[in-house]
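The chain contents come next:
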Amino acid sequence: MTARVGVITFPGTLDDRDTQRAVRIAGLEPVPLWHRDKDLKQVDAVVLPGGFSYGDYLRAGAISRFSPVMETVIEQARGGMPVLGICNGFQVLTETHLLPGAMLRNNHLHFICRDQKLRVENADTAWTSDYEAGQEISVPLKNIDGRYVADERTLDELEAEGRVAFRYLDGNPNGSLRDIAGITNAAGNVVGLMPHPEHAVEPGVGTGRTDGLGFFTSILKRLVSAS
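The rules behind these values
Residues numbered from 1 in each chain as written. Predicted model: local features only at pLDDT ≥ 70, side-chain atom pairs only at ≥ 80, totals over all residues. Heavy atoms only, no water. Helix = DSSP H or I, 4+ residues; strand = E, 2+ residues; numbered from the N terminus. Rg over C-alpha atoms; globule rule 2.2 N^0.38 Å. Buried < 20%, exposed > 50% of the residue type's maximum accessible area, 1.4 Å probe, protein only. Areas by Shrake-Rupley, 256 points an atom, 1.4 Å probe, with all protein chains shown as cover. Lys, Arg positive; Asp, Glu negative; His and termini not counted. Charge placed at Lys NZ, Arg CZ, Asp CG, Glu CD. Expected span 1.5 Å × (residues − 1). Contact = heavy atoms within 4.5 Å. Core = buried A, V, L, I, M, F, W, Y, C linked by side-chain atoms within 4.5 Å. Salt bridge = Lys/Arg side-chain N within 4 Å of Asp/Glu carboxyl O. UniProt positions renumbered as here; feature names shortened; annotations may be inferred. Polar contact = N/O pair within 3.5 Å; in protein donor to acceptor, adjacent residues only side chain to side chain. Phe/Tyr/Trp six-rings, centres within 6.5 Å; stacked < 30°, edge-to-face > 60°.

**Overview of the overall build of the protein chain**
For step 1, the next point in the chain: Summing up its helical and strand segments, the protein chain has 5 helices and 11 strands in all.
For step 2, the next point in the chain: Against the 2.2 N^0.38 benchmark of 17 Å for 227 residues, the protein chain shows a C-alpha radius of gyration of 16 Å, consistent with a compact globule.
For step 3, the next point in the chain: Within the protein chain, buried positions represent 57% of all 227 residues.
For step 4, the next point in the chain: For the protein chain, the exposed surface amounts to about 9,700 Å²; the carbon and sulfur share of it is 48%.
For step 5, the next point in the chain: Of note, the protein chain has its 23 positive side-chain charges centred 3 Å away from the centre of its 29 negative side-chain charges.

The following block contains the structure:
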């Protein structure tokens, strides 16, 4: 039986279909989920894709956090279901407090779109096990509210507990504190990052590399081993 990964669509989501394609390429079954439905359709994991849900009104991810589907996602994530938040999805995860910190406007106040080099800091999560700690990868980055911030105590805890999952290399693109590009919860089942691995899963598309495919093959192996 093929593992099923739900991909949530909010009003304003842009990258749901790209994410579904990445899930399929990795050998998983993508399951579209609508933001107004609490039913997760018996999926084994969930991805919150990138975009500008609800037009980023009030604050990026602030309204999506109250979508009916998120009630179930929060409950299931706290019970151990793997959840990945990409860009806007990362913003939603911070709004739900499944991940600590917050996302603010880029320090240069401009939208940025480029290939971004990252270093894998934690290869022990549900979404990063196909990488190696210290490995350098390149995936597309596109955001205007991508600056990760948290108080010093939270940052120190993330560092001490190995919960910084990815760090920016070759220049910080948005002013994120301590060059943080992505983090994980303590259990390792919830991961959020600003860059877009779903755009780097095929040689002929995006960066021309497949550096992002490891997110989706990681969760495939996790779900298969758990079945």
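Now that the structure is up, let's keep going.
**Quick look at unusual backbone geometry**
For step 1, the next point in the chain: Backbone geometry at H97 places phi at a positive 70°, although glycine is not the residue there.
For step 2, the next point in the chain: With respect to the helices, strands and loops of the structure, H97 is situated in the loop between α3 (88-96) and β5 (102-104).
For step 3, the next point in the chain: The phi torsion at L109 lies on the positive side, around 65°, for a residue other than glycine.
For step 4, the next point in the chain: The topology assignment puts L109 in the loop between β5 and β6 (112-120).

**Quick word on helix α5 (residues 213-226)**
For step 1, the next point in the chain: In this model, α5 (14 residues) spans 20 Å end to end at C-alpha, consistent with the 20 Å of a helix rising 1.5 Å per residue.
For step 2, the next point in the chain: Structurally, α5 contributes buried residues whose contacts are with β1 (4-9), α1 (16-25), β3 (45-48), β4 (83-86), β9 (164-168) and β11 (190-193).

**Digging into the nonpolar core**
For step 1, the next point in the chain: Residues I8, V46, W127, Y148 and F166 are the most contacted members of the largest nonpolar core, which totals 64 residues.
For step 2, the next point in the chain: For F166, the contacting residues outside a window of four places in its chain are L118, R119, V120, E121, T128, I137, D179, I180, A181, G182, L193 and F215.

**Digging into the pattern of salt bridges**
For step 1, the next point in the chain: Within this structure, the stated rule accounts for 17 salt bridges.
For step 2, the next point in the chain: For the salt bridge of R178 with E152, the shortest nitrogen-to-oxygen distance reads 2.8 Å. You can see R178 sitting in the loop between β9 and β10 (180-184) and its partner E152 sitting in helix α4 (residues 152-160), a full 26 residues away along the chain.
For step 3, the next point in the chain: A salt bridge links D211 to R209; the nearest nitrogen and oxygen atoms lie 2.7 Å apart.
For step 4, the next point in the chain: Each of the salt bridges in this network shares a partner with another, and the network as a whole consists of R119, E121, E152, D156, E159, R167 and R178.

**Brief notes about the UniProt feature "active site" (unreviewed entry) in the protein chain**
For step 1, the next point in the chain: In the numbering used here, UniProt assigns the feature "active site" (unreviewed entry) to C87, H196 and E198. Taken together, the annotated residues stretch across 112 residues yet fold into one region, lying no more than 11.0 Å apart by C-alpha.
For step 2, the next point in the chain: Structurally, the position occupied by H196 is in the loop between β11 and α5.
For step 3, the next point in the chain: Sequence-distant contacts of H196, defined by excluding residues within four places in its chain, comprise D15, G50, I86, C87, V139, P140 and K142.
For step 4, the next point in the chain: On the secondary structure map, E198 appears in the loop between β11 and α5.
For step 5, the next point in the chain: On the basis of relative accessibility, which here comes to 3%, the residue E198 falls in the buried class.
For step 6, the next point in the chain: Look past the residues within four positions of E198 in its chain and what remains in contact with it is D15, D18, T19, A22, I86 and F216.
For step 7, the next point in the chain: A polar side-chain atom of E198 sits 2.7 Å from a polar atom in the side chain of H196.

**Thoughts on the packing of aromatic side chains**
For step 1, the next point in the chain: Applying the stated criterion to the full structure yields 4 aromatic pairs.
For step 2, the next point in the chain: Ring centres of F90 and Y148 lie 6.0 Å apart, and the angle between their planes is 15°; this geometry places the pair in the stacked category. In this pair, F90 sits in helix α3 while Y148 sits in strand β8 (residues 147-149), placing the two residues 58 residues apart along the sequence. Just as F90 is buried, Y148 falls in that class too.
For step 3, the next point in the chain: Their ring planes at 70° and their centres at 5.6 Å tell us that Y131 and F215 sit as a pair that is edge-to-face. With Y131 in the loop between β6 and β7 (136-143) and F215 in helix α5, the pair connects residues that are 84 residues apart, well separated along the chain.
For step 4, the next point in the chain: Note on Y131: relative accessible area 6%, which makes it buried.
For step 5, the next point in the chain: Ring pairs connect the aromatic residues Y131, F166 and F215, which therefore count as one cluster.

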